[in-house]
Amino acid sequence: MVKIRTEDLKKIARIFSSIFPTEYEAYFCLYHFLCPPGLSPTLRKQDITNKTDTLVKLVLSVDGEIITALASKNILLDDFSRRWFKTHFACCFPDKSLIALWDKVMAISPNLEILVALCILQSKKKEIVSKSPQHLREYLSSLMLSPTQASGIIVKMMESQGLLKSELFNKHVEAVARYYPLNNF
């Protein structure tokens, strides 16, 4: 089962409660957002693993300096990106920006989440390179973007959609397709 921190789950639930007129609708949509129909907990874990693996490869191909800096400090992308994917970025985006992000991800493709993570890393490259290992691990684990930063990341993500057509992304989509029937997307 994919475990989500209580504070992250409360934030997601608060957002759903603010959007939907009744508790029933909010709960129903929240449940299907966190546990898509036909997706077992094992497959959800596999999806997060696939996204994390694809993120590592994408960062290596787009900006290897970020991976080199993290590796030199013995920090793995998994250390913080899994939380981003588990919470659909609720742990690091402000509420209003998060709603805009979710709208785009749900309308276009769940794979956009990988681009969001890439854009966050690129926007924080200076900190990744300059901070000490201990401070960097703490910084990335508790990262909270300002509304301006979050809006910039959403814009950059939308501009980077061409990466969705890359060979790397195609491999990710093929891996995901092995676990999910097409009618669940």
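Structure first, text after, so check above.
This text gives an overview of the structure that appears in the document. Fair warning: this is a prediction, and the values are worked out from it, not measured in the lab.

Reading the values: rules and limits
- Residues numbered from 1 in each chain as written.
- Predicted model: local features only at pLDDT ≥ 70, side-chain atom pairs only at ≥ 80, totals over all residues.
- Heavy atoms only, no water.
- Helix = DSSP H or I, 4+ residues; strand = E, 2+ residues; numbered from the N terminus.
- Buried < 20%, exposed > 50% of the residue type's maximum accessible area, 1.4 Å probe, protein only.
- Contact = heavy atoms within 4.5 Å.
- Areas by Shrake-Rupley, 256 points an atom, 1.4 Å probe, with all protein chains shown as cover.
- Polar contact = N/O pair within 3.5 Å; in protein donor to acceptor, adjacent residues only side chain to side chain.
- Salt bridge = Lys/Arg side-chain N within 4 Å of Asp/Glu carboxyl O.

Okay, the overall build of the protein next. A tally of regular secondary structure across the protein gives 11 helices and zero strands. Reading the protein from its N end, one meets helices and strands in the order α-α-α-α-α-α-α-α-α-α-α. Sorting the 185 residues of the protein into buried and exposed places 42% on the buried side. In the protein, of all internal contacts separated by at least 6 residues, the share reaching a separation of at least 24 is 78%. Per element, the accessible surface of the protein, about 10,000 Å² overall, is 58% carbon and sulfur.

Next up on the list: the side chain of His88. Relative to the assigned elements, His88 resides in the loop between α5 (78-86) and α6 (95-108). The buried category is assigned to His88, whose relative accessible area is 9%. A distance of 2.5 Å separates polar atoms of two side chains, one belonging to His88 and the other to Glu113. With residues near it in sequence (within four places) discarded, His88 still touches Phe33, Leu34, Arg44, Leu98, Leu101, Trp102 and Glu113.

This part is about the pattern of salt bridges. Here the structure, examined in full by the defined rule, presents 10 salt bridges. A salt bridge links Lys51 to Asp47, with the shortest nitrogen-to-oxygen separation between them at 3.6 Å. Pair noted here: Lys51 and Asp47 are both in helix α3 (residues 41-62), with a separation of four residues, about one helical turn. Across the pair, exposure class does not vary: Lys51 and Asp47 are buried alike. A salt bridge links Glu113 to Lys51; the nearest nitrogen and oxygen atoms lie 2.6 Å apart. Pair noted here: Glu113 is in helix α7 (residues 112-123) and Lys51 is in helix α3, with a separation of 62 residues, a long-range link. An identical accessibility class is assigned to Glu113 and Lys51; each is buried. Here the salt bridges share partners, and the residues they tie into one network are Glu7, Asp8 and Arg83.

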